[in-house]
Amino acid sequence: MENRVFFEQTFEHTTFQKTDLLDSEFEQCQFINCSFPDGDLSSVRFIECNFDQFDLSNYRLFKTSFQDCTFTTCKLMGLSFDQCEMFGFNFIAQDCIFDHSSFYKVRLPGFQAQNCSFKNVDFTEAILKNANFKGSDFANAIFERTELEKADLLSTSNLSLDPEVNSIKQVKIDIEALPGLLTKFSLNIKQ
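(A) Structural view of the overall build of the protein. A tally of helices and strands in the protein yields 1 helix and 9 strands. Ordering the α and β elements of the protein from the N terminus gives β-β-α-β-β-β-β-β-β-β. On C-alpha atoms alone, the protein measures out to a radius of gyration of 18 Å, which is about the 16 Å that the 2.2 N^0.38 rule sets for 191 residues. Considered along the principal axes of its C-alpha atoms, the protein spans approximately 60 × 25 × 25 Å. The buried share of the protein, taken over its 191 residues, is 45%.

Given below as structure tokens:
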């Protein structure tokens, strides 16, 4: 690939080489079943791009920019989102797997991530105000000093967080999830 800026292109079943990506920018592009075999997206910019059935697991994201991107049915496991470029950092996810990833100190107010898996994910000090996590699984996720004001946690599963160390004012939560807010007390709650 000769150009370093790609605009309104669709890439389907494409395998990119590391040299294709150096200092590249993708704007309003679609990626369907593509792969980046070297596992390094450092300094690549994605602006208003859509990713469908994409596996980015364990990729290096140093200074990678995701601005207003959408991920659908993607594997985003083992990623350090805290290493991404934070200017304009924003994306939407639907039916994705984020297991073993880190959102440490990431600012994603209004984050939309429905029906996603967040098993063993670190949300320490993340800012997730007004986020929508409907239908997501939080098995063994870490919430420490996380800002979740007005977040939608309805229909989530395996949620466990301490309201004394996390900001959860006006969070929407199912009554079935309330025991997850009391985990530190080791209560034996019966229904």
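(B) Inspection of the environment of Lys105 at higher detail. Tracing the chain through its elements places Lys105 in the loop between strand S8 (90-94) and strand S9 (112-114). Under the relative-accessibility criterion, Lys105 is labelled partly exposed at 46%. Here the alpha-carbon distance between Lys105 and Thr146, two residues 41 residues apart in the chain, equals 8.4 Å. Ignoring sequence-local partners within four residues, the contact set of Lys105 consists of Thr124, Glu125 and Ala126.

(C) Local environment of the pairing of strand S7 (residues 65-72). Two elements, strand S5 (residues 45-47) and S7, share 3 bridges in a ladder whose sense is parallel. If you follow Arg45 over to S7, its bridge partner there is Ser65. Note that strand S6 (residues 50-52) and S7 share 3 bridges and pair parallel. When the sheet's bridge partners are listed, Asn50 is paired in S7 with Thr70. The pairing of S7 with S8 spans 5 bridges and is classified as parallel. Paired with Cys69 across the bridge in S8 is Phe91.

What counts, and where the lines are drawn
- Residues numbered from 1 in each chain as written.
- Predicted model: local features only at pLDDT ≥ 70, side-chain atom pairs only at ≥ 80, totals over all residues.
- Heavy atoms only, no water.
- Helix = DSSP H or I, 4+ residues; strand = E, 2+ residues; numbered from the N terminus.
- Rg over C-alpha atoms; globule rule 2.2 N^0.38 Å.
- Buried < 20%, exposed > 50% of the residue type's maximum accessible area, 1.4 Å probe, protein only.
- Contact = heavy atoms within 4.5 Å.
- Pairing = 2+ DSSP bridges.

So yeah, pure geometry; function would need other evidence.
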